[in-house]
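Fold and geometry: a report
Here is how the chains run, residue by residue.
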Amino acid sequence: MAIERTFSIIKPDAVRRNLIGNILAVFEKNGLRPVALKKIKMTRAQAEGFYAVHKERPFYGELVESMMSGPVVVQVLEGENAILKNREVMGATNPANAAEGTIRKLYAVSVGENSVHGSDAPETAKEEIKFFFTDDEIVG
């Protein structure tokens, strides 16, 4: 199995509800360890830039506003097949459809307030990591 890195965000809805430690524990319990982590308040430019791929979608404006609504935790997770593992650990976008024990089943409020974001592919993970972290900030 390949050790790889993926990108993750603990979203404002989860940060507001003091779930950072709980969510980190789920990642760690499932073999994903943070090798870079910081709490930030996304600017409009960051939120629009990060979610630019969704610019033409009807939910784009709401997504940008949501991500600017409070602090987030951005992180790089490392582990065996980290991208796929993170997707599994997060659970389905709609918490009603998420498997038991996943972050979204445990902590998400709705599709819009689903607590976490994770990269969906190796190329995306690389881009998303570079969007928020320099190489010097990743210490594994």
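Report on the accompanying structure. It should be emphasised that the depicted structure is a prediction, and the values quoted were computed from it without experimental measurement.

**Some words on the sheet that holds strand 2 (residues 33-40)**
Ordered by their spatial adjacency, 4 strands build an open sheet running 2-3-1-4, and the pairing between neighbours is antiparallel. In this open sheet, the two edge strands, each paired with only one partner strand, are strand 2 and strand 4 (116-118). When strand polarity is set aside, the average angle formed by the axes of neighbouring strands in this sheet is 20 degrees. Two strands pair when backbone bridges link them, and strand 1 (residues 3-10) and strand 4 are joined in this way by 3 bridges, in the antiparallel orientation. Note that in strand 4 the partner of I10 across the bridge is V116. Packing against the sheet, helix 7 (residues 122-132) makes contact with strand 1, strand 2, strand 3 (72-80) and strand 4, and its axis sits at approximately 55 degrees to strand 1.

**Focus on the pairing of strand 3**
Side-chain positions along a regular strand alternate between the two faces of the sheet. Burial of strand 3 is extensive: 8 of the 9 residues sit out of reach of the surface. By the bridge criterion, 8 bridges tie strand 1 to strand 3 in an arrangement that is antiparallel. Counterpart to T6 in the pairing with strand 3 is L77. Bridging between strand 2 and strand 3 involves 7 bridges; their strand directions are antiparallel. Pairing of K38 across the sheet is with V74, part of strand 3.

**As for the pattern of salt bridges**
Summed over all chains, the structure comprises 9 salt bridges. When the shortest N-O distance is used, the salt bridge between R16 and E113 registers 3.8 Å. With a gap of 97 residues between them, R16 in helix 1 (residues 12-16) and E113 in the loop between helix 6 (103-107) and strand 4 connect regions that are remote in the sequence. Given the relative accessible area of 48%, R16 is considered partly exposed. On the basis of relative accessible area, E113 is assigned to the partly exposed category, the value being 32%. The partner of D135 in a salt bridge is K130, with the nearest N and O atoms 4.0 Å apart. For K130, a relative accessible area of 59% gives the class exposed. One network of salt bridges, in which partners are shared, links R5, R33 and E78.

About the cut-offs
- Residues numbered from 1 in each chain as written.
- Predicted model: local features only at pLDDT ≥ 70, side-chain atom pairs only at ≥ 80, totals over all residues.
- Heavy atoms only, no water.
- Pairing = 2+ DSSP bridges.
- Helix = DSSP H or I, 4+ residues; strand = E, 2+ residues; numbered from the N terminus.
- Axes fitted to C-alpha atoms, helices over the stretch in contact; angles between N-to-C directions.
- Contact = heavy atoms within 4.5 Å.
- Buried < 20%, exposed > 50% of the residue type's maximum accessible area, 1.4 Å probe, protein only.
- Salt bridge = Lys/Arg side-chain N within 4 Å of Asp/Glu carboxyl O.

These values are about where atoms sit, not about what they do.
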